[in-house]
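Analysis of the macromolecular model
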Amino acid sequence: MEVPPRILPAGDQAILIEFGVEINPAVNRLVQAFVRNAGQHRITGIGELIPSYCTLLIYYDPFLLSFSQVEHWARSLSGSDLLDTKTRPEVKEIPVVYGGLYGPDIEFVARHNQITAEEVVQLHTRETYLVYVVGFSPGFAAMGTVPSKIKTPRLQTPRTKVPAGSVGIGGIQTGIYAVESPGGWQLIGRTPLTLFHLNRNPPAYFQAGDYARFYPISQEEFGKRRRQKTEVRSQNKQGKK
Amino acid sequence: MIEVIKPGFFTTVQDNGRWGYQGYGVGVAGAMDNFALSAANLLVGNPEGTAGLEMTVLGPMLKFHTETLLAIAGADLDPYLDGKSIPNWTCHFAPTGSTLSFGGKKKGARAYLAVFGGIDVPPVMGSRSTYLLGNFGGLEGRVLKSRDHLPIPLLVGTLPNLAGRFFPEKSRPPYAKNPTLRVVPGPFADFFSEEGVKAFFSAEYTVTPQSDRMGYRLQGDPIKRKKPEELITCGLANGTVQVPPDGQPIILLADRQTIGGYPIMATLIQADMPLIAQCVPGDKLRFAAVSTDKAREAYLQLWSNLKNICH
């Protein structure tokens, strides 16, 4: 039998709904379904929603709502018969140049799993991944689950600077750094896509619940795409003048 | 325009935060003591959430190239306008060419400067708050430095007699050097042993020097765990008290990450956020549990005081 979600206070301006206690797509789909449901049944005073692997944090305005009112609202929206867990958003295709300077840890991932770097690429591009959560740093998308042959623990000592666009493996997950930040995932490649932009709305390319698939590109292709972006940017600037 | 002559120890542009983007990994930032910023804004005739300066421990030296109304609230960093000591929580007129300076910390940690119309840096995602982690918002996403210029609007259409009005002491938060902070237990207090929970609610915790806008790291009786498992990363509310494996609690504040994975003992109530914002390393904290209803009552009470401006 299905266990009803736990609804817990997170102080006096937020509640936390716990749909399960494991990282798996079935539980995460409950989180995503609730987010969609809440979007359609918003009441004034409900603030922003922060979805994660198996929980959802919901801010509320204590001037307008009490904890028990928010709890009641959440309870009424979380019945499994109300949750549409079948909606599957489109799959976002992500070009990646694997290995070399762009993926300095690919050889380590290969050695750790006693396979070749080429096999790492094959396995990594084979799956369609669910984006469980966006966070840690602006736009960072954590997704899973990677084939067991490329699972690799995080670095012992995190790097102080990981370039934007880096694609990494952290345990059973894979993820993309949207902005330059410190990080401890094993870097296997890099995408030329801009995944976080201050002047876009939403600012991040990924949101929790999205699906992603990676495909390999050459270094030349990577360079070409980067140049195209720069040209578009300078054209836009000229257009403004 | 305001010219920064000296930046002070740690001065940033802040408003009441960048809400709506935590789901994309963008933190809220905003004033640590939002009540003080709001009071200062109301005194100069601004809406509560207008951008001002958050000044930490050692205030800046600022020159006003535009006449304005100003108010300072929160910590007492010993402010002077053109060499003359001025009181906090009061609206003052600053003529063109006047200089605001600070003697040094007398009480508290963070003072807020509001000027008429606010600091007019470009908003990013609807907020002018400096987000240091993302290097955006505020002035170029960073702390102020010497020779910075902060745009402010011209003082037009404002009643000149706003100067002199003040915010009475009884309506301010009950700032204290060693406060008892009220918390709502959880959401994951069940990760800790009975002994651990008892320690948290009975021991005294000292604010360590490793405390900043991201969080306050405390030192005291280590809080022991019951479950060895890690918590699965979840969203983090303002005031979250998380406990890493060493058992020393961390209170997450304005510049916190949006999500995190240490078990959460309790969450500070919003009415007491101004109190923690004014604590400095060495201050001693205690924690007391309250219900969400009591917490809400305290919050409504404090914020209803905000309109109590005296003339």
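The rules behind the values
Residues numbered from 1 in each chain as written. Chains lettered and ligands numbered in written order. Predicted model: local features only at pLDDT ≥ 70, side-chain atom pairs only at ≥ 80, totals over all residues. Helix = DSSP H or I, 4+ residues; strand = E, 2+ residues; numbered from the N terminus. Rg over C-alpha atoms; globule rule 2.2 N^0.38 Å. Contact = placed C-beta atoms within 7 Å. Domains from an automatic or database assignment. Nonpolar A, V, L, I, M, F, W, Y, C, P; charged D, E, K, R; others polar. Pairing = 2+ DSSP bridges. Axes fitted to C-alpha atoms, helices over the stretch in contact; angles between N-to-C directions. Buried ≥ 20, exposed ≤ 12 C-beta atoms within 10 Å, placed from the backbone. pLDDT = per-residue confidence, 0-100. Arc of directions from axis to C-beta.

This paragraph deals with the overall build of chain B. A tally of regular secondary structure across chain B gives four helices and 20 strands. Taken over C-alpha atoms, the radius of gyration comes to 20 Å for chain B, in line with the 19 Å a tight globule of 311 residues would show. Judged by the C-alpha coordinates and their principal axes, chain B covers about 60 × 40 × 30 Å. Restricting the contact set of chain B to residue pairs at least 6 apart, pairs at least 24 apart contribute 77%.

Once that is clear, we can look at the domain arrangement of chain A. All names here are of chain A. As far as domains go, chain A holds domain 1 (6-77) and domain 2 (91-240). Centre-to-centre, using C-alpha coordinates, domain 1 lies 29 Å away from domain 2. Tallying the contact residues gives seven residues for domain 1 and six residues for domain 2. At three residues, helix H1 (residues 25-40) tops the list of elements feeding residues into the side of domain 1 that touches domain 2. Each residue belonging to the side of domain 1 that touches domain 2 can be placed in one class, and the counts come to four nonpolar, three polar and no charged.

Moving on, we get to the sheet that holds strand E2 (residues 11-14) of chain B. All names here are of chain B. With antiparallel pairing, five strands are arranged side by side in an open sheet as E2-E3-E10-E5-E8. A single partner strand is all that each edge strand has here, and the edge strands are E2 and strand E8 (91-94). Going across the sheet, the axis of each strand differs from the next one's by a mean of 30°, ignoring polarity. Packing against the sheet, helix H1 (residues 34-43) makes contact with E2, strand E3 (52-56), strand E5 (68-76), E8 and strand E10 (107-115), and its axis sits at approximately 35° to E10.

Let us look at the domain arrangement of chain B. Residue and element names in this part refer to chain B. Assigned domains of chain B: these are domain 1 (2-165) and domain 2 (180-307). A straight line from the C-alpha centre of domain 1 to that of domain 2 covers 27 Å. Between domain 1 and domain 2, the contact holds 22 residues from the first and 15 residues from the second. Of all the secondary-structure elements, those providing two or more residues to the side of domain 1 that touches domain 2 are H1, E5 and E10. Top contributing element to the side of domain 1 that touches domain 2 by residue count: H1, with six residues. The residue makeup of the side of domain 1 that touches domain 2, split by class, is 12 nonpolar, eight polar and two charged.

Turning next to the environment of Leu57(A). Turning to its location among the elements, Leu57(A) is positioned in strand E4 (residues 55-60). Overall, the presence of 24 C-beta atoms within 10 Å leaves Leu57(A) in the buried class. Note: C-alpha distance between Leu57(A) and Arg111(A) (54 residues apart in sequence) is 39 Å. When sequence neighbours within four positions are dropped, the list of residues in contact with Leu57(A) reads Ala10(A), Ala14(A), Leu16(A), Ile50(A), Cys234(B), Gly235(B) and Ala237(B).

This brings us to the confidence of the model for chain A. In regions of low pLDDT, the predicted coordinates are not meant to be interpreted in detail. When pLDDT is averaged along chain A, the result is 90; 91% of the residues meet or exceed 70. Low pLDDT, under 50, characterises residues 237-241 of chain A; the predicted model gives this stretch zero contacts beyond four residues in sequence or across chains.

Here we come to the environment of Gly186(B). Here Gly186(B) shows up in the loop between strand E12 (180-185) and helix H2 (194-202). Overall, Gly186(B) belongs to the partly exposed group, with 18 C-beta atoms counted inside 10 Å. Remark: the alpha-carbon pair of Gly186(B) and Ile223(B), spanning 37 residues in sequence, is separated by 14 Å. In contact with Gly186(B), not counting residues within four places along its chain, are Leu8(A), Pro9(A), Ile264(B) and Ala266(B).

When the pLDDT values of chain B are averaged, the result is 96; 99% of them are 70 or greater. Quick note on the complex model: pTM equals 0.93, ipTM equals 0.95.

Further remarks concern the sheet that holds E12(B). All names here are of chain B. In space, the seven strands of this closed barrel follow the order E12-E19-E16-E17-E14-E13-E20, with mixed pairing throughout. Ignoring strand direction, the axes of neighbouring strands in this sheet form an average angle of 40°. One ladder, built from three bridges, connects strand E14 (residues 215-219) with strand E17 (residues 250-252); its direction is antiparallel. Looking across to E17, one finds that Tyr-216 is bridged to Ile-251.

Residue and element names in this part refer to chain B. Those residues of H2 not exposed but buried are Gly-196, Val-197 and Phe-200. The arc that holds the buried residues of H2, viewed along the axis, is 100°, so those residues lie on one side. Residues Glu-194, Glu-195 and Ser-202 are exposed on H2 and point more than 90 degrees away from its buried face. Buried residues along H2 sit in contact with strand E19 (264-268) and strand E20 (284-289).

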